[in-house]
Amino acid sequence: MLTYIGEIAEAVPFVHRNTIRTHINEIFEQDKNLESDVIGDNVQIDGLVMKDAFYKKIAAKFDYDLWMLLH
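K.L.:
I'm lost on the overall build of the chain in this one. Help?
P.N.:
The helix and strand tally for the chain stands at four helices and three strands. For 71 residues, the compact-globule formula gives about 11 Å, and the C-alpha radius of gyration of the chain, at 14 Å, lies well above that figure. With the principal axes as the frame, the chain shows a C-alpha extent of 50 × 25 × 20 Å. Every one of the 71 residues in the chain was classed for burial, and the buried ones make up 27%. Summarising the internal contacts of the chain: among those between residues at least 6 apart in sequence, 38% fall at separations of at least 24.

K.L.:
How do you make sense of the sheet that holds strand S3 (residues 45-50) when you look at a structure like this?
P.N.:
Working definition: the strands of a sheet are paired by backbone hydrogen bonds and lie parallel or antiparallel to each other. The strand order across the open sheet formed by three strands is S1-S2-S3, and the pairing between neighbours is mixed. In this open sheet, the two edge strands, each paired with only one partner strand, are strand S1 (14-16) and S3. Put simply, the sheet's adjacent strands are angled 35° from each other on average, direction ignored. When S1 meets strand S2 (residues 36-40), the two strands line up parallel, connected through three bridges. Considered in S2, the bridge of valine 15 is made with isoleucine 39. Its contacts with the sheet put helix H2 (residues 21-30) on S1, S2 and S3, and the angle it makes with S2 is roughly 150°.

K.L.:
Even after reading the chapter, I still don't get H2, so can you show me in this structure?
P.N.:
Side chains of residues three or four places apart in an α-helix project in the same direction, reflecting 3.6 residues per turn. Within H2, the full set of buried residues consists of Ile24, Asn25, Ile27 and Phe28. Buried residues of H2 fall within an arc of 155° about the axis and therefore sit on the same side.

Definitions and limits used
- Residues numbered from 1 in each chain as written.
- Predicted model: local features only at pLDDT ≥ 70, side-chain atom pairs only at ≥ 80, totals over all residues.
- Heavy atoms only, no water.
- Helix = DSSP H or I, 4+ residues; strand = E, 2+ residues; numbered from the N terminus.
- Rg over C-alpha atoms; globule rule 2.2 N^0.38 Å.
- Buried < 20%, exposed > 50% of the residue type's maximum accessible area, 1.4 Å probe, protein only.
- Contact = heavy atoms within 4.5 Å.
- Pairing = 2+ DSSP bridges.
- Axes fitted to C-alpha atoms, helices over the stretch in contact; angles between N-to-C directions.
- Arc of directions from axis to C-beta.

Here you go:
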């Protein structure tokens, strides 16, 4: 059976590369089933912010506040 990408593709939010991490966190909190955000600018897509990788960065007990402020 042939499957086309349009049959399995899902729309995900687009965030500008200068978006602060707290806003990305809010996007993931609003939709618990969301696994990624597309990141880039109006001309170029830079890649994906994967939910599991995002939360691994902020998972340590005290790192969340520091990481959000410093990055």
